[in-house]
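Tertiary structure, described
What follows is each chain in one-letter form.
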Amino acid sequence: MSRAISSLLDAGAERIALPCNTLHALLPEVGAAQGGGLDGRLLSMPALVADALGPAESVLVLGTTATREYGVYDFLRDRGVDVRYPSRARQRELEDLIMSAVRGRTREVRAGLERVVDGDTADAVVIACTDLDVQDLTTLAGAPVVGSLAELSRHCADYLVGARPAEAVR
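Definitions and cut-offs
- Residues numbered from 1 in each chain as written.
- Predicted model: local features only at pLDDT ≥ 70, side-chain atom pairs only at ≥ 80, totals over all residues.
- Heavy atoms only, no water.
- Axes fitted to C-alpha atoms, helices over the stretch in contact; angles between N-to-C directions.
- Helix = DSSP H or I, 4+ residues; strand = E, 2+ residues; numbered from the N terminus.
- Parallel < 35°, antiparallel > 145°, perpendicular 65-115°, else oblique.
- Left-handed = near helix turned anticlockwise from the far one by under 90°.
- Contact = heavy atoms within 4.5 Å.
- Pairing = 2+ DSSP bridges.
- Buried < 20%, exposed > 50% of the residue type's maximum accessible area, 1.4 Å probe, protein only.
- Polar contact = N/O pair within 3.5 Å; in protein donor to acceptor, adjacent residues only side chain to side chain.
- Nonpolar A, V, L, I, M, F, W, Y, C, P; charged D, E, K, R; others polar.
- Expected span 1.5 Å × (residues − 1).

Moving on: the packing of helix α5 (residues 88-102) against helix α6 (residues 106-117). Two numbers describe how α5 lies on α6: the axes approach to 10 Å, and their chain directions differ by 165°. Judged by the angle between their axes, α5 and α6 are roughly antiparallel. The interaxial crossing formed by α5 with α6 has left-handed handedness. Where α5 abuts α6, its residues Arg 90, Glu 93, Leu 94, Leu 97, Ser 100 and Ala 101 lie against Glu 108, Val 109, Gly 112, Leu 113, Arg 115, Val 116 and Val 117.

Encoded structure:
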């Protein structure tokens, strides 16, 4: 990943969008390999999601087990947000749903996500897996959804047409 980022920067990239939540956990290592940082050129999916959450006091994060274990969204706790994850059993179900989404079995994904979220009282749901974020979800179990890929895509499109400055960078 460090070599790929170096190639992009050497080629003159102004901003780099990394459309994978889990890989954001590796960015401190990659930044160090880049000689101390990425000079604010890497768009941070988690930071864009945080900006989009607005006044949410609690969030349920739906992502891979690796995203959960690396604590990619745990920084929200520093902002006073109660960050929650599915139970271990529901996390296993979520992993199966991610694989269903990868295989294109989208019909079962929506209903499965409703089951995973059911009973949680979070103010918002963060879709922290790009494979799940293609479901075009706006709510789950009555809670608003903020999708990481949707936020990154929206930000990049706005930036490219000059409608938004490149904020939420690392």
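The next point concerns the sheet that holds strand β3 (residues 58-63). One open sheet accounts for 5 strands, arranged β4-β3-β5-β7-β6; its pairing is mixed. One side of each edge strand has no neighbouring strand; the edge strands of this open sheet are β4 (82-84) and β6 (139-140). Pairing of strand β5 (residues 124-128) with strand β7 (residues 143-147) involves 3 bridges; the strand directions are parallel. When the bridges of β7 are listed, Val 126 appears paired with Val 146.

This part is about helix α3 (residues 45-53). The buried count for α3 comes to 7 of 9 residues, which makes it a mostly enclosed element. The N-cap residue of α3 is Ser 44: its side-chain oxygen and the backbone nitrogen of Ala 47 are 3.2 Å apart. One or two steps after α3, the chain reaches Gly 54, where phi turns positive at roughly 65°.

Of note, the phi angle at Ala 141 is positive, near 50°, even though the residue is not glycine. In this fold, Ala 141 is placed in the loop between β6 and β7. By relative accessible area, Ala 141 is classed as partly exposed at 38%.

Another point: the environment of Asp 78. Along the polypeptide, Asp 78 turns up in the loop between α4 (65-70) and β4. Through-space distance from the C-alpha of Asp 78 to that of Leu 18 is 23 Å; in sequence the pair is 60 residues apart.

Attention now moves to the packing of α3 against helix α7 (residues 148-160). When two helices pack together, their arrangement is given by the angle between the helix axes and by the axis-to-axis distance. Where α3 contacts α7, the two axes come as close as 9 Å, and the packing angle between them is 95°. Regarding the angle of α3 to α7, the classification is roughly perpendicular. Residues Met 45, Leu 48, Val 49 and Ala 52 of α3 pack against Ser 148, Leu 149, Glu 151, Leu 152 and His 155 of α7. Per-class residue counts for the contact of α3 with α7 are 6 nonpolar, 2 polar and 1 charged.

By the criterion of burial, β5 is predominantly enclosed, with 5 of the 5 residues buried. Neither face of β5 is open: one carries Ala 124, Val 126 and Ala 128, the other Val 125 and Ile 127, and all of them are buried. As defined by bridge partners, β3 adjoins β5 across 5 bridges and the pair is classed as parallel. Counted as the bridge partner of Gly 63 is Ala 128 from β5.

The next point concerns α6. Structurally, the α-helix is built with 3.6 residues per turn, so residues lying three or four positions apart point the same way. Taking 1.5 Å of rise per residue, the 12 residues of α6 would be expected to cover 16 Å, and the 17 Å separating its terminal C-alpha atoms lies within 8% of that figure. Check the buried side of α6 and you find it contacts β3, α5, β5 and β6. Looking one or two places after α6, you find Gly 119, whose phi comes out positive at around 95°.

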